[in-house]
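# Commentary on secondary and tertiary structure
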Amino acid sequence: MNFLRKGGSYLAPPPPKSDDGRDQWPSRAAFLLAAMGGCAGQGNLLRYPSVVYNNYGLQWFIPYLLAVFLIAIPALILEVSIGQAYRGGTVIAFNNINRRLKGVGMGPVIVSFIVVQYFTVNLAWIMSYFRHSFTSPLPWENRIEDFYWNDVLRVGDIVEGGLTDGGNNVASYTSYPNVSLIGETVGWSIFVWFLIWVSIFRGVGMTGRVVYFTMGLPIVTTIIFVGRSLSLPNASEGVKLLWTNFRGDQLASGTVWQTAVGQVFFSTGIGFGYFTSYASYNQRHANAVMDAILICGSNVLFENFAAFAIFGVVGYLERWPRDGVRLGAFVVGFLTLPEAVLQMPGANFWAVLLFFTLIVLGFSSAFVMLDVVVTLICDSGMVKASRPVVVTVLTVFSFLLCLPYCTEFGYYLLDGVDRWINNIALIFVVWTEVTSATTVYRWRDIVDQTGIVAFSLYNFGFFGGQFFGILLAHGMRSPGIGAGAGIGFYVAFTLIATIIARTPQTRAPSYWNANHFLRRFWFLAFYSGNQIRRDLNVIVGQGKNWKIPAFLPFLLRYISGPVLAIIFSFAYPEFHTLRYDPMYITGFILANLTMVVIILGFTIPRYYDAFIPYERRGEGTEPTYAMETKEDIAGAHVSDVVRVEGGEAPMAYASSHENEGKGIDDDKKTTSVAR
């Protein structure tokens, strides 16, 4: 028995503990590999080539690279930094920013939980390929498409629906008469969920070992397949399809922008919550900014390098994209990579290696998504069960939820849910993250300096300008008019708010003190973002660590936020043209329910307190003073010091403003201690 116990501890070691008692990664490399594994998955080798294929041409890289540099990297720095600084998953982290942002923290958890259901079924389809790879000759020879649709997916017949001639009404809904479960898909799904359970049931100690394997093998295999694909006859024509063909007119369509942002988020993992969860297991003063850039940069390089393997085969098969014909999110990889295997000596060996690699890649992304939900439950203390029990129950429940994707209509359901979760829910989640963190963080400092009316008018102009401009642009079908109206709306309210604002008593940085008008504007426009940067840098920017740059808050609020709002707006007109398909309707409903959860968290935050440990519900409500950072005192957070020195019990979950009317004496005591 002792031998078995020692063997189990070696294979699944308990994680080391940090100074604050939280589980900790065995090493920085383990964290980076786990985070990169969350990135490098089916989103890179299967989904990325598919969306690029549907939007072929060099023009694709304009929205794609803008999304990477203007949204993904800044948002990733924010997600990693708050997880590491606030020592918790997304809900705890955003509760520290402001108690009304718990819903923002719930958004990534819901997205991860929805996506992991169909992600595992896609892995089950790969397992079917893996099983057939041991058959000689390979069963998909000379029948690539037929094998995919009929042997692996086993899709049932459908009766296409459509709209009336004017597009105003639904003429008929698409129907799916075949609804049977596919036994092989169910069986492989059980196997995949078992692997996920093994990888996370002991926490980051076990995960830290798994990732060395799940990241090492795919890199080597991808290099081999890229080399083989590019050596096929006519492969260069497939590569030219992407790298030399420029279709500038496509940039006028919102679809390519929407798809590029959705793909960047899906493949990097922005908005899924696992970067915040995993960063919370880092050492508190790790180099978060460098880690975030390394993670995002490696993902971009990997998926664009891996795309050569797909497009080489596209050229060989002369399977050219056709305008108006869109393939599903993961289809192109399944229709090209098996052909590359057929052209290699020892095809069975390479087929086994290929699909084993795809399994490892997808599996490394799947378990990090489920771990987001596990982190939320375990951190909250809402259940008394141990982590292994939580993981076990959640794994079984998740398997049951994935069964609809294991049916004869499962492929269509997957495509419908994937489309709207990415185009609506995921974009909305990231929009709320980047705008809320730079708008409401320490907002009372702004009100103290400028007044509540000026603060309210400025933000009404900022958010109202986006809404009004986008609505006008779609209504008049003129982006220029919408942009002009939106900017004008914002400028008008900014001027009004700045004029009526009180002159701040605290000095702003350098140039902004040139006159009272500039100082007021700086506090209204830039204070929250600048202050969260300064406060986070106290923790993640110590010593030789890379600091969060001064321009990052501006980028998040005034570039990333409005761009995401514009891209988000394209989803609803697009759905209006597809509203006859029940699978699209299902995905659309799930995406909008995710948005409702986020919004309700802002309006009724106390109902989300169950997801925050009682002793941590007061975090983020400690007294603050304009332009002063929340520093650590003797290794403990200032809020803890305030409570201990003041002789108080843990702070209640209500905000400091709400507490003022309940216990003025207590507030005075707390304020005097803080000073």
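Just so it is clear, the model here is predicted, and its values are computed rather than measured.

## A word on the state of the cysteines
Evaluation of the coordinates by the stated rule reveals zero disulfides. You can see Cys406 has no disulfide; the closest cysteine sulfur is in Cys402, sitting 4.3 Å from it. Classification of Cys406 by relative accessible area gives buried; the value is 1%.

## A few points about the environment of Val264
Within the secondary structure layout, Val264 lies in helix α11 (residues 254–268). Taking the C-alpha atoms as reference points, Val264 and Tyr48, separated by 216 residues in sequence, lie 8.8 Å from one another. Each residue touching Val264, except ones within four places of it in the same chain, is listed here: Tyr64, Ala67, Val68, Ala72 and Gly269.

## Regarding the packing of helix α19 (residues 452–476) against helix α22 (residues 552–569)
Two numbers describe how α19 lies on α22: the axes approach to 10 Å, and their chain directions differ by 35°. Both α19 and α22 take part in a crossing whose hand is right-handed. Seen from α19, the contacting residues are Tyr458, Asn459, Phe462, Gln466, Ile470 and His474; seen from α22, they are Arg557, Tyr558, Gly561, Pro562, Ala565, Ile566 and Ser569. For the contact of α19 with α22, the per-class residue count stands at seven nonpolar, five polar and one charged.

## Remarks on the packing of helix α4 (residues 61–86) against α11
One can describe the packing of α4 onto α11 by two numbers: an axis separation of 9 Å at closest approach and a directional angle of 50°. Regarding the angle of α4 to α11, the classification is oblique. Relative to α11, the crossing made by α4 is right-handed. Of the residues in α11, those in contact with Ile62, Pro63, Tyr64, Leu66, Ala67, Val68, Ile71 and Ala72 of α4 are Val256, Trp257, Ala260, Val261, Val264 and Phe265. Of the residues in the contact of α4 with α11, the class split is 14 nonpolar, no polar and no charged.

## Here we look at the side chain of Arg579
Structurally, Arg579 is set in the loop between α23 (571–576) and α24 (582–603). Asp165 is the oppositely charged side chain nearest to the buried, salt-bridge-free Arg579, at an N-O distance of 12 Å. Once you skip the residues sitting within four places of it in the chain, Arg579 turns out to touch Leu163, Gly167, Asn168, Asn169, Val170, Tyr173 and Ile585.

## As for a nonpolar patch on the surface
Taken together, the side chains of Ile452, Val453, Ile487, Val491, Leu495, Ile496, Ile499, Ile500 and Phe517 make up a nonpolar region of the molecular surface, amounting to roughly 800 Å² of accessible area. Of all the secondary structure elements, the ones that give two or more residues to the nonpolar patch are α19 and α20 (479–500). Broken down by element, the residue count for the nonpolar patch peaks at six residues, all from α20. Looking at where Ile452 falls in the secondary structure, it is placed in helix α19. With a relative accessible area of 42%, Ile452 lands in the partly exposed category.

Rules and cut-offs
- Residues numbered from 1 in each chain as written.
- Predicted model: local features only at pLDDT ≥ 70, side-chain atom pairs only at ≥ 80, totals over all residues.
- Heavy atoms only, no water.
- Disulfide = S-S within 2.5 Å.
- Buried < 20%, exposed > 50% of the residue type's maximum accessible area, 1.4 Å probe, protein only.
- Helix = DSSP H or I, 4+ residues; strand = E, 2+ residues; numbered from the N terminus.
- Contact = heavy atoms within 4.5 Å.
- Axes fitted to C-alpha atoms, helices over the stretch in contact; angles between N-to-C directions.
- Left-handed = near helix turned anticlockwise from the far one by under 90°.
- Nonpolar A, V, L, I, M, F, W, Y, C, P; charged D, E, K, R; others polar.
- Parallel < 35°, antiparallel > 145°, perpendicular 65-115°, else oblique.
- Lys, Arg positive; Asp, Glu negative; His and termini not counted.
- Salt bridge = Lys/Arg side-chain N within 4 Å of Asp/Glu carboxyl O.
- Patch = residues over 30% accessible without salt bridge, like charges linked within 9 Å, V, L, I, M, F, W, Y side chains within 5 Å.
- Areas by Shrake-Rupley, 256 points an atom, 1.4 Å probe, with all protein chains shown as cover.

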